[in-house]
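For reference, the chains in residue letters:
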Amino acid sequence: MKNQRTFFSFFLTLCIVGLSYAQSSAVSGTVSDADGPLPGATVVVKGTNTGVTTDFDGNFSIQAAGDDILVVSYVGFESQQVGVSNQTNISVVLSSSNELDEVIITGYGSVTKRDATGAIDAISAASFDQVSSDSPAQLLRGKVAGVQITSATGEPGAGVAIRVRGNSSIRSGNEPLIVVDGVPLAGGNTSPGLGDEILGTGSPKNPLNFINQNDIESISVLKDASSTAIYGSRGANGVIVITTKKGVSGASEPQLSYSGSLSSSAFAQNSSFQDVMSKSEFQSNIPSDLPADSPIPGESGSYNWQDTVLRNAFSQSHDITLTTGGENSSTRLSVGANLQEGIINKTGMDKYNVSLYNSYKLFDGDVNLQTRVLYSDIDDLSHLTTNSAGYIGNLIGAALYWRPSLNTTNTDGSYNVISANYLNPKQLLDSYDDSTNTKRLLANFNVSVNLSDKLTFRTIFGVDRSTSTREAQLLPSIDILDTAQSGDNRGQASVYNDQRFNKTFENTLNYVDSVNGVDIDLLAGFSYYSYLSEGSNLQAKGFNADQVDLINNLGGVVDVNTGYSISSYKNETELQSFFVRAGLTYDKFLATLTYRLDGSSKFGEDNRYGSFPAVGLGYKFIENQAGSINNLKLRGSWGITGNQEFAVNSAISKSRYSNGSVSIVTNANPDLEWETTTSLGVGVDFEILDGKATGSLDYFQRSTENLLFPVPEAATKPGPASPRFVNLDGELVNTGIEVGLNYSLMDSDNMTWDVSANASLISNEIRNFPGFIPTGELHGQGLSSAYSQVLSNNNPLYSYYMFDFRGYDANGASTYTQADGSVGPLATASKDVLDKQALPTMNLGLSTSVAMGDWSISTSLYGSFGHYVYNNTNNAYFFKGAYPVRNIPVESAVSAQASSDPNSPSTKYLEKGDFIRLSNLRVGYDLGDSLLDSIGVENTYIYVNGDNLATFTDYTGFDPEVNVDKAMNGVPSTGIDYLPYPRARTFTLGVNLTF
Amino acid sequence: MKNLINYITTIIVTLSIVSCTDLEEQALDGVVPTGSGSASADLRGVLNEVAAFHNEWARHLGIQEMPGDAMAGPTRGGDWDDNAVLRQMHTHTLGSDHPWTAGSYNIFMTGIYKADLVLSDSGQSADHAAAKFMKAYFYYQMIDKFGVVPYRADYTDMTQDASVYSRSEAFAEAVTMATDALSNLPEKVDGQADKPNKDAARMLLAKLHMNRAVFTGEPGATTFTFDAADMTAAIDYIDDMVSTLKEDDSDGTSYWFNFDKDNDQSSELIWALKQEQGADDSVGGTSYHWRMGQHYNQTPDGWNGPVMLGEYYDYFQENGVAEGSDPRATWSTDELTATTGNSIGVQRGQIYKPGGTDKVKDRNGLDLVFSKDVPLVVTDKAAIESAGYRIIKYVPHNFNEPESDMIIFRYADALLLRAEAALRGGTGGDAQADLDAVRARVGLGSITTSLDNVYAERARELWFEGHRRNDMIRWGTFLSAKELKSAESDPKYLLFPLPADALLNPNIDQNPGY
């Protein structure tokens, strides 16, 4: 509390200092570009050091005499000089020039790349690939050096792993902080997953799905400590700042626009995909030594898994946007509907969004009120594409193993039922329903008060409320081994409820001045956040055999004493923070000093507060020169950031009641403290070749210590069967190089051609670490207790740990490396931590766009390299012994493997994950007003768009970009493929109309 | 206007201050425990941990029989690879990630914790002797399997990393606890061997003394010098027992009665886990004894897994006993033939359907003939499902709801320990009489008394009851080459590795060599 007081003294002092500077003869105005207001533009009185930057709405207010000249520089935009001429209100419209001068919204402010001391990047709506992405995360894919986006599977709305400069934690909690319009979101999911009720567990959907792409103006990525330390304890994994669109400023006619698209999606096979056999392949490879009474060779039915389970999915998207502005107000309202079918039958995501932006100026612009409301209502339809299915399989497993010579339905229309562990995929498809409805409201109210022309006070109050209900049912008519409640009482229904209510309250003071040639930008603030989470679930098992609507008639269970199980939970986290930042510019020298003091209720009572300092320095060696090098800035940063994404109630001991007794579920650790990441980075931002190319080059090292980890019960024995969070010894070190380059190949009146490319190299290693922590759990026949990855000393995260396959011997038996290095049989094979790991060591992205007259073409590629994917599907399903009872790929059926050879986990199933994907190609044509003018359409733009057009890889599974959740004891895995939802290729026809 | 701004500012700054929180964390869906008060435990909770160990084949047999010469778990094509854990256990190549040893470690240590909860509750003083006995039993298991025992001076203070008793210190603790329990427990009453009793404490003390040379010897020692005083102590404890061998009944009826439906009535049971369908105090589970090895197509059906090795089976044919003549290896009744089709004990040869006439076929359509030869990885396609003799120790009945109690200690074990103690220098025992008693009960004649013969008799009498690893270590044969392990093992394997997770407690060092 002492620290708190110190901060408030500082806070109040700032107030007083600020007020004393208040003087008369202010000139105010707005700086904008063709698209709207420009936050962060610099306005300087020519010949003086007096300068200000524009606020979020492009507004500025500066002290100037009536005959002064204002230099509105927004370098990269053509700078403008405007005479004050005794005006009190001046509007300036700048036209853009290059990348260095794009304004990037950062934490509590904005900056141009030219003036940044930290490693930051941004993409704006103009460079979004997708037409209607599931979530904002996908828009970053392949676009920003050092940012890797991996969708877990191809399911609509599937979880996405976002990694900024690698993984900084050995447990879960590697996701960056997401800030939407100034409101830092709580980590974690907003929709329930699926418990292990039927055929394995299911993952929750991506919590970021709630944002409509159409509402996003820009996405900034803050990568290094200099830029993320302002978020202190939550900055270690980078920060992604999403800014939504605003209304037009200044009086204008209301503008209405519509954008709509129709899409068709189908299963996208990569270049090396090994499908299971067709009927003819299946029958021609049947081994001769089958028992005489085997029915398999004589089967005459037919079945194709893709025809049965998959479909050509049809999707549509509609957005209507109204923007309007008045003298003192500006409003944007948009309504969107995005109805997306999944390529697996009975799956999809229907998303409805409403967003409202309103700003209102009072007292001649000294007080500015902004309101933003984002509301979404999402219906997710899922199926059993679970992540931990066993021998019996999930929907994909059953679809793949069902013999192509077996019908799924009999002539009388009934299902062809084989057995309780050889499931009819058609019956499974029809028998299961799973829908999730998630409603989320993110609203914030933002007041900024110009206390003087140099001092601005801003307060933001935000609420984030989500409610999600998942309802799943499996009909009693399908017999799946070990799922009956008792006897023949089958059928299951689950209802999961999940609610979040988060509050944000932030106050900042911003002081901008210029003293003796030093431009000063000071920020001080206080934040309070509260994150409340609660939920419940109900499982009902064992229904009447002919019941079909289980979810809505839960009372139908036969044995009410044993047929239900219920649970519920609730927890709250509070954070409270004080922070200051000083931005200093002197001539060519730039400095940013940041300090944040963060308190969190999650930590031990002895360590509630952590402090997070950072320094960023920059020097512009070359500035605005003509010739081959136009701008060159060197920057360096050091800082400490934290991570607090771990379970609530980890520092305290907690007991819960169950079945009449009470037991301890977590063990206290009053010393539990922040996991800290110390980052060191140097970088160069440059503009070369007469402004044709801009780019950045970065080197970084991040070292995470005090590794927060729930040590399993074995480490706390003797004691209850519950874990305890501790700060483990050891470091997790990430080192990397990033390059980003934008090049204007052509820029003439009738044609422009831009290329942008980025690459990042990254490696990580765990050092001085006491543990040997398994993860990457494997599932399937003969794979009990099998796992594939370890976290251990002197190895990269997610290093593979398994037998090293060395080929088949003359009898078709697999051989493996032995303890002495020789080649030998499985019985004596030796296991070792391999020099192969799951995280890509290189990521590439390439985008190019050409505009010629009314035509525009753009395309994007991205790729990942240097990592391995474990094909658990192959391991569990596609070994020779599984055939011909089950279908397998022809490559496995004709391999040298003996049919008696076990499917022991080994490098046989470990495949290189390298890939390059042609992720997007779009051709657009601008019809202008020529076509629909008669019905009031001012502008018409039509386009054809292709997503995920081709993937070049040697990987034999569905898709090398895969990350099925195979966590073990809560420790996440990476890069494991297991019966995932396949990825789609999508073609879209779209139109944008402006009225 | 400025006033208004100041006014707003004041309000907001005030709000900021008011909104300051002390960040005290709340447990909204539970309670923050105070001392031991928020963890309930009773004797049943402690007993549940004993059951958790003995009711799971991968623990009770997996870590006590499979590392020895009796049991192996062959990989059969796509089945039973299980991340190599069965092969590693049998061939002594396991590491600190082995799930069976790690799981057992957690069970023993949770049992110790739960026993402490009972012992600290004066309201449960009637159960203190039993809790202390079971705590001593967990100590015995920890000393036997892992060597060290972590402990806390204040067992409720989970904020501190546990300290560690060395093997010798833990041994002394176990003896003290078992002795204390002995003086406070009631005498055993026949038919109530599921209640901890003086005979059970005597058995535990006898075992502790029998193994003292192993438990307190130099780490890595492979041969042991047994102190005559320990042997005499073991003999004395066994002499004091009130349990008796089930009456002589040379066709094996009395032997198999110990493993049948009503075995709780056997005078031979010293300590067992009660199994009675519908009974609140039923904690035992024996059905894995017939599930684990039985073929999928057998009745009762099983998992077609672990086997008894031929080398071990041959113990039954020693001393001129013809194959099939030792009723402990083969037990057949009309009822068993009718309900399962086969004899029990060691199942070999052609397997039949209930009734005993129709042959069972495997999933490949081949006659199911259990063969003696079995490799660690079965690659012969015809033998994949049939390689290896299968074992049924508990008599199958009510296949899904068995009622036989799960035996932990029984009197034949005590008799053979007493014979061994006498042969190792203890006074007061009669090795010949004890050995003869065990053999005569199943109609077998006297054999000479020697340590080797006691060792072999233990193999025949106590097969798959969880004693083999402990016996082999005491006899110095544990590391030797065996049927499916060609070389002598490193002495480090005399102890299991501590689970990798346990080493995250900085006070715990891995056992030497791992």
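These numbers come from a predicted model, not from an experiment.

Comments concerning the overall build of chain B
Then, number 1: Along the backbone of chain B there are 18 helices and 13 strands.
Then, number 2: For a compact globule of 514 residues, the expected C-alpha radius of gyration is about 24 Å, and chain B comes in at 26 Å, within 12% of that figure.
Then, number 3: Principal axes of the C-alpha set define a box for chain B whose edges measure 110 × 60 × 45 Å.
Then, number 4: A burial count over chain B gives 55% of its 514 residues as buried.
Then, number 5: By sequence separation, contacts in chain B at least 24 residues apart represent 64% of the contacts at least 6 residues apart.

Quick notes on the environment of Ser658(A)
Then, number 1: You can see Ser658(A) is positioned in strand S31 (residues 654-658).
Then, number 2: In this structure, the C-alpha to C-alpha distance between Ser658(A) and Ser567(A), residues 91 residues apart in sequence, is 9.5 Å.

A short note on the packing of helix H10 (residues 228-239) of chain B against helix H15 (residues 411-423) of chain B
Residue and element names in this part refer to chain B.
Then, number 1: Across the interface, H10 lies against H15 with an axial gap of 9 Å and an inter-helix angle of 150°. Here H10 is positioned roughly antiparallel relative to H15, judged by the angle of their axes. Considering only the axes of H10 and H15, their crossing is left-handed. Only Ala-414, Leu-417, Arg-418, Ala-421 and Ala-422 of H15 make contact with H10, whose side of the interface consists of Met-231, Ala-234, Ile-235 and Ile-238.
Then, number 2: Class assignment for the residues of the contact of H10 with H15 results in 8 nonpolar, no polar and 1 charged.

Focus: the domain arrangement of chain A
Then, number 1: Under the domain assignment, chain A is made up of domain 1 (2-95) and domain 2 (125-798 + 838-867 + 913-994).
Then, number 2: Computed over C-alpha atoms, the centres of domain 1 of chain A and domain 2 of chain A are 37 Å apart.

Describing unusual backbone geometry
Then, number 1: Each neighbour pair has its own omega, and for Lys717(A) with Pro718(A) the value is 0°, a cis peptide bond.
Then, number 2: Within the secondary structure, Pro718(A) is located in the loop between strand S35 (707-711) and strand S36 (724-728).
Then, number 3: The residue after Thr299(B), namely Pro300(B), is reached through a cis peptide bond having omega -10°.
Then, number 4: Within the secondary structure, Pro300(B) is located in the loop between helix H12 (288-291) and strand S6 (307-308).

Remarks on the interface of chain B and chain A
Then, number 1: On the side of chain A, 83 residues touch chain B, which itself brings 69 residues to the contact.
Then, number 2: Those elements giving two or more residues to the side of chain B that touches chain A turn out to be helix H1 (2-18), helix H4 (85-91), helix H5 (99-119), strand S3 (149-151) and strand S11 (377-378) of chain B.
Then, number 3: With 8 residues, H5(B) is the largest single contributor of residues to the side of chain B that touches chain A.
Then, number 4: Classifying every residue of the side of chain B that touches chain A gives 37 nonpolar, 20 polar and 12 charged.

Regarding the pairing of strand S30 (residues 629-643) of chain A
Residue and element names in this part refer to chain A.
Then, number 1: Across 8 bridges, the pairing between strand S29 (residues 609-622) and S30 is antiparallel. By the bridge assignment, Val-615 is partnered in S30 with Trp-638.
Then, number 2: Counting the residues that bridge the hairpin from S29 to S30 gives 6 residues, and of these Asn-624 lies at a positive phi of roughly 55°.
Then, number 3: Bridge count for S30 against strand S33 (residues 675-688) is 14 bridges, and the pairing is antiparallel. Each residue of the ladder has a partner; that of Thr-641, found in S33, is Thr-677.

Details of the sheet that holds strand S48 (residues 868-871) of chain A
Strands in a sheet are paired, the pairing made by backbone hydrogen bonds, and the direction either parallel or antiparallel.
Residues and elements named next belong to chain A.
Then, number 1: Strand order in the open sheet formed by 3 strands is S49-S48-S52, with mixed pairing between adjacent strands. Strands with a single pairing partner mark the edges of an open sheet, and in this sheet they are strand S49 (910-912) and strand S52 (976-977).
Then, number 2: When S48 meets S52, the two strands line up parallel, connected through 2 bridges. Of the residues in S52, the one forming a bridge with Asn-871 is Asp-977.

A few points about the sheet that holds strand S7 (residues 80-83) of chain A
All names here are of chain A.
Then, number 1: Strand order across the open sheet formed by 4 strands is S4-S3-S6-S7, with antiparallel pairing between neighbours. For this open sheet the edge positions go to strand S4 (51-53) and S7, each flanked by a neighbour on one side alone. Direction aside, neighbouring strands of the sheet carry axes that sit 20° apart on average.

Some remarks on the confidence of the model for chain A
Then, number 1: Considering every residue of chain A, the mean pLDDT works out to 89; 95% of them sit at 70 or more.
Then, number 2: Per-residue pLDDT stays below 50 along residues 1-24 of chain A; that stretch engages in 27 contacts with residues further than four places along the chain or on separate chains.

Brief notes about helix H2 (residues 43-54) of chain B
Residues that lie three or four places apart on an α-helix share one face, since the helix turns once every 3.6 residues.
Residue and element names in this part refer to chain B.
Then, number 1: The first and last C-alpha atoms of H2 sit 17 Å apart over 12 residues, in line with the 16 Å expected at 1.5 Å per residue.
Then, number 2: H2 sits mainly inside the fold: 10 of its 12 residues count as buried.
Then, number 3: Taken together, the buried positions of H2 are Leu-43, Gly-45, Val-46, Leu-47, Glu-49, Val-50, Ala-51, Ala-52, Phe-53 and His-54.
Then, number 4: Close packing links the buried residues of H2 with helix H3 (57-60), H5, helix H6 (128-145), strand S5 (269-273) and strand S13 (406-410).

Cut-offs used in this document
- Residues numbered from 1 in each chain as written.
- Chains lettered and ligands numbered in written order.
- Predicted model: local features only at pLDDT ≥ 70, side-chain atom pairs only at ≥ 80, totals over all residues.
- Helix = DSSP H or I, 4+ residues; strand = E, 2+ residues; numbered from the N terminus.
- Rg over C-alpha atoms; globule rule 2.2 N^0.38 Å.
- Buried ≥ 20, exposed ≤ 12 C-beta atoms within 10 Å, placed from the backbone.
- Contact = placed C-beta atoms within 7 Å.
- Axes fitted to C-alpha atoms, helices over the stretch in contact; angles between N-to-C directions.
- Parallel < 35°, antiparallel > 145°, perpendicular 65-115°, else oblique.
- Left-handed = near helix turned anticlockwise from the far one by under 90°.
- Nonpolar A, V, L, I, M, F, W, Y, C, P; charged D, E, K, R; others polar.
- Domains from an automatic or database assignment.
- Pairing = 2+ DSSP bridges.
- pLDDT = per-residue confidence, 0-100.
- Expected span 1.5 Å × (residues − 1).

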